[in-house]
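Inside the fold
This is what each chain is made of:
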Amino acid sequence: MQGFGGGRGCSTKKEFDEKRNSAKNNNKIALDDFPSKQSNLNRLMDYNVDVIKIDKKLISQIGFDNKSKVMLKHIKNMCDNLNIEIIVEGVYSEGIMNTLNNMGIFNHQGFYYHRPMKVSDFLEKMQT
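Criteria and thresholds
- Residues numbered from 1 in each chain as written.
- Predicted model: local features only at pLDDT ≥ 70, side-chain atom pairs only at ≥ 80, totals over all residues.
- Heavy atoms only, no water.
- Core = buried A, V, L, I, M, F, W, Y, C linked by side-chain atoms within 4.5 Å.
- Buried < 20%, exposed > 50% of the residue type's maximum accessible area, 1.4 Å probe, protein only.
- Helix = DSSP H or I, 4+ residues; strand = E, 2+ residues; numbered from the N terminus.
- 1 Å grid on protein atoms, 1.4 Å probe; cavity = no way out; pocket = protein on both sides within 12 Å on 5 of 7 lines; lining within 4 Å.
- Points joined across faces, edges and corners; volume = space filled by probe spheres on them.
- Nonpolar A, V, L, I, M, F, W, Y, C, P; charged D, E, K, R; others polar.
- pLDDT = per-residue confidence, 0-100.
- Salt bridge = Lys/Arg side-chain N within 4 Å of Asp/Glu carboxyl O.

With 22 residues, the main nonpolar core has V49, I52, I54, L72, V88 and L100 as its most contacted residues. Mapped by element, the contributors of at least two residues to this core are β3 (29–34), β4 (51–54), α3 (56–60), α4 (66–82), β5 (85–88) and α5 (94–102).

Right, here's the structure in full:
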C-alpha cells in the first residue's frame, strides 16, 4: 500500500499522481493520519485515494467523548459514499474494538491485536 499524509510519503500532487500511475494490480493508495495534520478534507478533495487510516488520536477518545464517536460516524458515512476503505489506528482495548465493530468499522490495527514486531518474528508467527 502506498501512503501519504501525516508528514510522510507524497508531499505534492505531482508525486501523488506518479505513485497513482505506477500502482499496479491490487496496490492501494492510503491517506494516513486522517483527520489530523495535513491529512484533511482538502486532501480527499484533491486526491483520489482508496483508503484512509483514521488517526489514533480520534480513536483514543471514543470511549470517553461522544464528539469522537459522532465524528467517526460521519467520516464512515462519507467514506461509504465515496467508496473509500477505512482502517482505524490505535485499537488498544476490547472495548474500542467492540465500539468500532458496532459502528460497522471492521479494519483495525493496534496493540489490542499485537505489539509491533520484526518481520522475521511476524513470518514465524504466521507459519504457526
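With that settled, the discussion passes to the layout of surface pockets. Each pocket or cavity is described by its volume, and for the largest pocket that value is around 200 Å³. Lining the largest pocket are D33, D55, K56, E89, G90, Y92, Q109, G110, F111 and H114. Taken together, the residues of the lining of the largest pocket sort by class into two nonpolar, four polar and four charged.

Here we take up the confidence of the model for the chain. The predicted model of the chain has a mean per-residue pLDDT of 84, with 84% of residues at 70 or higher. Put simply, strand β1 (residues 2–5) is where the chain has its lowest mean pLDDT, 50, and β5 is where it has its highest, 96.

The next subject is the pattern of salt bridges. Summed over the entire model, instances satisfying the criterion amount to three salt bridges. K28 is paired through a salt bridge with E85; the nearest N and O atoms lie 2.8 Å apart. With K28 in the loop between α1 (13–22) and β3 and E85 in strand β5, this residue pair connects regions lying 57 residues apart in the sequence. Ionic pairing is found between D80 and K76, a salt bridge with its closest N-O pair at 2.6 Å. A residue pair is termed a helical-turn pair when its members lie 3 or 4 positions apart in one helix, as D80 and K76 do in helix α4 at four residues.

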